[in-house]
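The primary structure of each chain is shown beneath.
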Amino acid sequence: MRCALKPSDPAGELPERTAQSLRALAGGPISRLPQLLEAMVAVGSDHDLRRALGRIAETAASLTGARHAAVGIHDEEGGPGDLIAHGVSPEAEPPAGAELEVPIQVRGELFGTLYLAGKGDGEEFGEGDLHLVRVLATEAGIALSNARMHSAARQRRRWIDGAASVTTALLAGPETRSTATNALTVVAEQGRELAEAATGAVLLPHAEGGMEVVAISTVLPEAVRTEAFRGRIPPESPVLHQLHAGLAVFSDDFAADPRSVSPLSRHYGPTMLLPLRSHGRVLGALALCRMSGDRRFSHPERTLATQFAAQAAVALVLVDRHRDRERLAVFEDRDRIARDLHDLVIQRLFATGMMLETARRKAVLPEVREGLGGAIDELDATIQEIRTAIIALQQGPSEAPPGLRTRVLRVAGATTAALGGRPSVQFVGPVDARVDDRCGRELVAALGEALAAVEAAAPSQPARVSVVVDATATLPDGRAGVRLTVSCPDGSHPPLTWERPLNCGSGS
């Protein structure tokens with residue numbers, strides 16, 4: 001006879017049967033009850049799940065006289081999982097007509113099955129054996145349920161802590177987060193570690209449509225990383241359609257998934273593609289991929305990863321806003337400095353120049369008039385340099401390509417030590433607006449050569465140098481042009497002039 005209690009029994013029937021089994025044992029084979037109770041106490045106090053289930057299998061075999069006992073555990077998705085056996089090998093076939101199976105379940109949820117086989121001398125399992133096994137199956141169910149709850153709590157806490165650490169890292173100071181790419185890399189790395197995946201990657205919209213990998217963390221070779229950055233998910237991909245709708249994409253075998261059109265998918269098995277969504281807008285996607293043959297992502301892992309991606313998206317939005325506030329603060333500070341220079345410093349210098357000009361006209365001695373004239377010229381040059389500094393303060397963001405004014409000031413400033421003083425730089429007309437990129441590059445190169453020539457002409461003494469960039473110049477042939485003049489007011493070096501038509505970038 002084969003005794004089996006099938007998993008389809010109603011949810012409330014197993015506890016009742018267990019209670020009946022205990023009452024039956026109390027009135028029946030009482031000699032086995034102390035050993036059963038002792039085993040139940042030992043299992044309930046054992047925090048090692050495999051050891052506790054092994055103890056249940058061992059007790060079941062001992063109390064029923066079975067040569068083989070095993071606890072088969074289902075995974076969290078309900079599929080076959082682990083098998084913890086006592087006695088003969090789990091692969092051994094139990095003798096025909098001598099097998100007992102009891103489902104392990106709690107509150108209607110099936111966790112596995114307790115198997116018994118091979119009762120001594122081919123005897124059949126009796127009613128008393130069934131009562132014992134029911135009690136042990138209930139205890140096994142409690143142990144499994146508690147272990148699952150503790151595991152889920154630990155896993156949830158780990159993902160919550162990971163999301164919090166991502167937010168902290170993204171909002172940290174510039175010493176740990178210097179660029180947006182670094183922020184995205186933090187998301188990819190933390191997501192990969194939390195998901196126990198081989199690769200974590202952040203994808204953002206591509207300028208020509210579709211999505212591209214902008215940050216990646218992987219245990220795979222460098223060649224895969226390089227391939228990831230070169231590749232692009234095309235706009236027609238079914239995966240992108242789902243992501244743009246704000247829906248996650250899950251696959252147990254991404255390499256064989258017909259929805260995947262990316263060449264990178266050949267490396268991976270279980271995969272999650274999660275939208276980075278904030279305020280109804282999809283910013284990008286987080287890809288978490290395991291290798292082919294690795295265990296698939298469980299339902300709790302999928303849920304936690306989706307929540308992590310949502311939290312990461314919010315953190316990325318906060319990073320952008322934080323960066324914008326920092327830029328705004330810098331621009332406001334630069335505007336304040338520029339206003340102070342214009343409204344206070346220049347006005348005072350101009351007033352001082354007016355007083356010197358009045359004194360020069362009233363001076364009787366020629367040498368006094370000459371000295372005052374030189375001081376007035378110096379004040380005029382200083383005012384022009386301050387105006388140039390004001391324009392430099394009003395340049396765009398640092399990550400934008402520098403304009404011609406900025407590049408000229410950088411080249412002139414780099415020669416300060418060699419010349420013994422900073423060259424005086426003056427701009428005439430809207431230089432950045434009128435001079436194209438090619439002319440600008442040639443002008444900067446010509447300026448470097450001219451300053452080097454001045455330095456070479458007087459290597460042992462300071463040289464006063466004046467640089468003028470005139471974007472309103474008229475060339476000898478009548479065309480509008482840009483003219484660079486590098487001169488020494490003291491006459492220590494002849495003036496150097498470079499000029500080009502304003503449309504030199506067009507090749508004319």
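Look up a bit, the structure's there.
None of the values given here were measured: they were computed from a predicted structure. (Residues numbered from 1 in each chain as written. Predicted model: local features only at pLDDT ≥ 70, side-chain atom pairs only at ≥ 80, totals over all residues. Heavy atoms only, no water.)

1. Some remarks on the overall build of the chain
So, point 1. Looking only at helices and strands, the chain has 13 helices and 15 strands in total.
So, point 2. Of all intrachain contacts in the chain linking residues separated by at least 6 positions in sequence, the fraction that spans at least 24 positions is 60%.
So, point 3. Accessible surface computed for the chain: about 26100 Å², of which carbon and sulfur atoms make up 55%. (Helix = DSSP H or I, 4+ residues; strand = E, 2+ residues; numbered from the N terminus. Contact = heavy atoms within 4.5 Å. Areas by Shrake-Rupley, 256 points an atom, 1.4 Å probe, with all protein chains shown as cover.)

2. Structural notes on the packing of helix α10 (residues 404–414) against helix α13 (residues 437–457)
To characterise two packed helices, one gives the angle between the axes of the helices and the distance between these axes.
So, point 1. Look at α10 against α13: their axes get within 10 Å of each other, and the N-to-C directions meet at 15°. Here α10 lies roughly parallel to α13, going by the angle between them. Considering only the axes of α10 and α13, their crossing is right-handed. Facing α10, whose interface residues are L404, R407, V408, V411 and A412, α13 presents D437, G440, R441, L443, V444, L447, G448 and L451.
So, point 2. Partitioning the contact of α10 with α13 into residue classes produces eight nonpolar, two polar and three charged. (Axes fitted to C-alpha atoms, helices over the stretch in contact; angles between N-to-C directions. Parallel < 35°, antiparallel > 145°, perpendicular 65-115°, else oblique. Left-handed = near helix turned anticlockwise from the far one by under 90°. Nonpolar A, V, L, I, M, F, W, Y, C, P; charged D, E, K, R; others polar.)

3. So, the environment of R438
So, point 1. Tracing the backbone through its elements, the reader meets R438 in helix α13.
So, point 2. Sequence separation between R438 and L502 is 64 residues, and the spatial gap between their C-alpha atoms is 9.9 Å.

4. Some points on the sheet that holds strand β11 (residues 281–291)
So, point 1. With antiparallel pairing, six strands are arranged side by side in an open sheet as β8-β7-β6-β11-β10-β9. A strand with exactly one partner marks an edge of an open sheet, and here the two such strands are β8 (232–233) and β9 (249–251).
So, point 2. Both strand β6 (residues 199–205) and β11 contribute to a ladder of five bridges, which runs antiparallel. Pairing of L203 across the sheet is with A285, part of β11. (Pairing = 2+ DSSP bridges.)

5. Focus: a nonpolar patch on the surface
So, point 1. Among the surface-exposed residues, V364, L365 and V368 lie close enough to one another that they form a single nonpolar patch of about 280 Å² accessible area.
So, point 2. Within the fold, L365 resides in the loop between α8 (299–362) and α9 (366–393).
So, point 3. A relative accessible area of 46% places L365 in the partly exposed class. (Patch = residues over 30% accessible without salt bridge, like charges linked within 9 Å, V, L, I, M, F, W, Y side chains within 5 Å. Salt bridge = Lys/Arg side-chain N within 4 Å of Asp/Glu carboxyl O. Buried < 20%, exposed > 50% of the residue type's maximum accessible area, 1.4 Å probe, protein only.)

6. Remarks on the sheet that holds strand β12 (residues 424–428)
So, point 1. One open sheet accounts for four strands, arranged β12-β13-β14-β15; its pairing is mixed. Lying at the two open borders of the sheet, with one neighbouring strand each, are β12 and β15 (496–501). When strand polarity is set aside, the average angle formed by the axes of neighbouring strands in this sheet is 15°.
So, point 2. Here seven bridges tie strand β13 (residues 466–474) to strand β14 (residues 480–487), and the two strands are oriented antiparallel to one another. Pairing of A473 across the sheet is with G481, part of β14.
So, point 3. Where α10 meets the sheet, it contacts β12 and β13, and its direction lies at approximately 165° from that of β12.
So, point 4. The strands touched by α13 are β13, β14 and β15; relative to β15, the strand with the most contacts, the crossing angle is about 175°.

7. Concerning the pairing of strand β7 (residues 211–218)
So, point 1. Most of β7 sits inside the fold, with six of its eight residues counted as buried.
So, point 2. Where β6 folds back onto β7 in an antiparallel hairpin, the turn is made up of five residues, including G209, whose phi is positive at roughly 100°.
So, point 3. Across two bridges, β7 lies against β8 in antiparallel orientation. What sits directly across from M211, in β8, is I233.

8. Things to note about the pattern of salt bridges
So, point 1. Throughout the structure, instances matching the rule amount to 14 salt bridges.
So, point 2. Between E301 and R295 there is a salt bridge; the shortest N-O distance is 3.1 Å.
So, point 3. A residue is classified by how much of its surface remains accessible, and E301, at 5% relative accessible area, is buried.
So, point 4. The closest approach of N and O atoms between D437 and R441, which form a salt bridge, is 2.2 Å. Here D437 pairs with R441, and both are found in helix α13, just four residues apart, close to one helical turn.
So, point 5. Exposure remark for D437: the relative accessible area of 46% places this residue in the partly exposed category.
So, point 6. Through salt bridges that share partners, E196, R290, R295 and E301 make up one connected network.

9. Concerning the nonpolar core
Nonpolar side chains in soluble globular proteins tend to end up buried together.
So, point 1. Counting residues in each nonpolar core, the largest one holds 29 residues, and the members touching the most others are L36, L53, V71, L100, I104, L114 and L116.
So, point 2. Every element with two or more residues in this core is listed here: α2 (33–44), α3 (49–64), β2 (66–74), β4 (99–106), β5 (109–119) and α4 (127–170). (Core = buried A, V, L, I, M, F, W, Y, C linked by side-chain atoms within 4.5 Å.)

10. Digging into unusual backbone geometry
So, point 1. At E196, a residue that is not glycine, the phi angle is positive and equals roughly 50°.
So, point 2. Position of E196 among the secondary structure elements: in the loop between α5 (180–195) and β6.
So, point 3. Assessed through its relative accessible area of 49%, E196 is described here as partly exposed.

11. What about the side chain of S466?
So, point 1. Within the secondary structure, S466 sits in strand β13.
So, point 2. Relative accessible area serves as the criterion here: at 18%, S466 is assigned to the buried category.
So, point 3. Setting aside residues up to four positions removed in sequence, S466 forms contacts with S424, T485, V486, S487 and P489.

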